[in-house]
Amino acid sequence: MFPFVISAPSMVFGMDVVENVEKLSSFVKNVEIVLFHTPELDNIPTEKEIDFLKELKVENDLTYTVHLPTSLEIAERNAENQNSALRMATGIIGKFHEIDPQFFILHVPLAKPTLTFEPGFYFTKPDQHRFTDWKNRTRAGLQQLQRETGLNQRLLVENINYSPAFMEQFWQEGLCALCLDIGHLLLGNEAVGETLERYLPVIREIHLHGVIGWEEHLSLNVMPAARVQSWFDLMNRGGYDGIVNLEVFSPGDLQTSLGVLEELKGNG
């Protein structure tokens, strides 16, 4: 058995959150509830759906994490928009109190939010002067979220199109912990092993998925098995016991990704 908890996102079997949790409970022990809030798509659960999620948690001995909408920009330059994003984040966090998620995951984009990787827009130099204002706005936003919610290290900030090094001051000040997306590291040509070793003490959830070229969220079986094994070896040596989320979005990709884990378990 792995010392960490295997998870999957609530988008494997379509977009219905409750249906996903029902089906995923046969495969994993944690479900990451992925939320959207845009004019085209809003899947914030109703009170009735929250009750269903609470029942499914008890019946299936599940835990949850909640991925806050990527459209929330807590470091927005416009103060009114920033405050609106913070109010919505606080409201969503409060809404999920009944199901007691282990973690809430947040994107804090350096530029406008994007759901696809854009070649040439991966940032690796956090000391550049151009990012000073972003850091200050992010710090202020995280401070306000912590005042409103008291989540402490249950609030995770995910590395997206920039190095985790951008966020060091935030967890050093106790404003968050880290959700490490290994796929995003691969897209940014960062050294996964070195990053794991450096940040494992502050990582609470890891997003793991296959990457080919600029395409991500593929089955784990597209990755060299020895490479994935080396990451797991680092996690084991470091005593990582958090969540590993197989961040794929189809039943087939989930099944084959779980198959990779079974093979690695057999080789361990």
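Residues numbered from 1 in each chain as written. Predicted model: local features only at pLDDT ≥ 70, side-chain atom pairs only at ≥ 80, totals over all residues. Heavy atoms only, no water.

A. Examining the sheet that holds strand S3 (residues 63–67) more closely. Read once around its circumference, the closed barrel built from 8 strands follows the order S1-S2-S3-S4-S5-S6-S7-S10, with strand pairing classed as parallel. Between one strand and the next, the sheet's axes are offset by a mean angle of 25°, whatever the strand orientation. Across 3 bridges, the pairing between strand S1 (residues 5–9) and strand S2 (residues 30–34) is parallel. By the bridge assignment, Ser7 is partnered in S2 with Asn30. The sheet strands contacting helix H9 (residues 251–267) are S1 and strand S10 (243–246), and the helix crosses S10 at an angle near 135°. (Pairing = 2+ DSSP bridges. Helix = DSSP H or I, 4+ residues; strand = E, 2+ residues; numbered from the N terminus. Axes fitted to C-alpha atoms, helices over the stretch in contact; angles between N-to-C directions. Contact = heavy atoms within 4.5 Å.)

B. A look at the environment of Val222. Mapped onto the secondary structure, Val222 falls in the loop between strand S9 (215–218) and helix H8 (225–237). Between the alpha carbons of Val222 and Leu142 there is a distance of 36 Å; along the sequence they are 80 residues apart. Residues within four places of Val222 in sequence aside, it is in contact with Gly210, Val211 and Ile212.

C. The arrangement of the packing of aromatic side chains in detail. Applying the stated criterion across every chain, the model contains 12 aromatic pairs. Ring geometry for Tyr162 versus Phe166: centroids 5.3 Å apart, planes at 50°, classification tilted. In terms of burial, Tyr162 and Phe166 fall into one category: buried. Three or more aromatic residues joined by ring pairs make a cluster, and in this case those are Phe123, Phe131, Trp134, Tyr162, Phe166 and Phe170. (Phe/Tyr/Trp six-rings, centres within 6.5 Å; stacked < 30°, edge-to-face > 60°. Buried < 20%, exposed > 50% of the residue type's maximum accessible area, 1.4 Å probe, protein only.)

D. Representation of the packing of helix H3 (residues 79–95) against helix H4 (residues 132–149). Two numbers describe how H3 lies on H4: the axes approach to 10 Å, and their chain directions differ by 35°. Crossing of H3 against H4: the hand is right-handed. Each of Gln82, Asn83, Leu86, Ala89, Thr90 and Ile93 in H3 lies in contact with H4, whose residues at this interface are Arg137, Gly141, Gln144, Leu145, Glu148 and Thr149. For the contact of H3 with H4, the residue count by class is 4 nonpolar, 6 polar and 2 charged. (Left-handed = near helix turned anticlockwise from the far one by under 90°. Nonpolar A, V, L, I, M, F, W, Y, C, P; charged D, E, K, R; others polar.)

E. Just the side chain of Asn159, in detail. Mapping Asn159 onto the fold places it in the loop between strand S5 (155–158) and helix H5 (168–172). If we skip the residues at most four places from it in the chain, Asn159 touches Pro164, Met167, Leu178, Cys179, Leu180, Asp181, His184 and Leu185.

F. Main features of the pairing of strand S6 (residues 177–181). Buried residues dominate S6, accounting for 5 of its 5 residues. Sheet topology note: the S5/S6 ladder contains 3 bridges and is parallel. Looking across to S6, one finds that Glu158 is bridged to Cys179.

G. Seen up close, H3. Its 17 residues place the ends of H3 24 Å apart at the C-alpha level, agreeing with the 24 Å of an ideal helix rising 1.5 Å per residue. Listed in full, the buried residues belonging to H3 are Gln82, Ala85, Leu86, Ala89, Ile92 and Ile93. Viewed end-on, H3 has its buried residues packed into an arc of 130°, placing them on one side of the element. H3 presents Glu80 and Arg87 as exposed residues on the side facing more than 90 degrees away from its buried surface. (Expected span 1.5 Å × (residues − 1). Arc of directions from axis to C-beta.)

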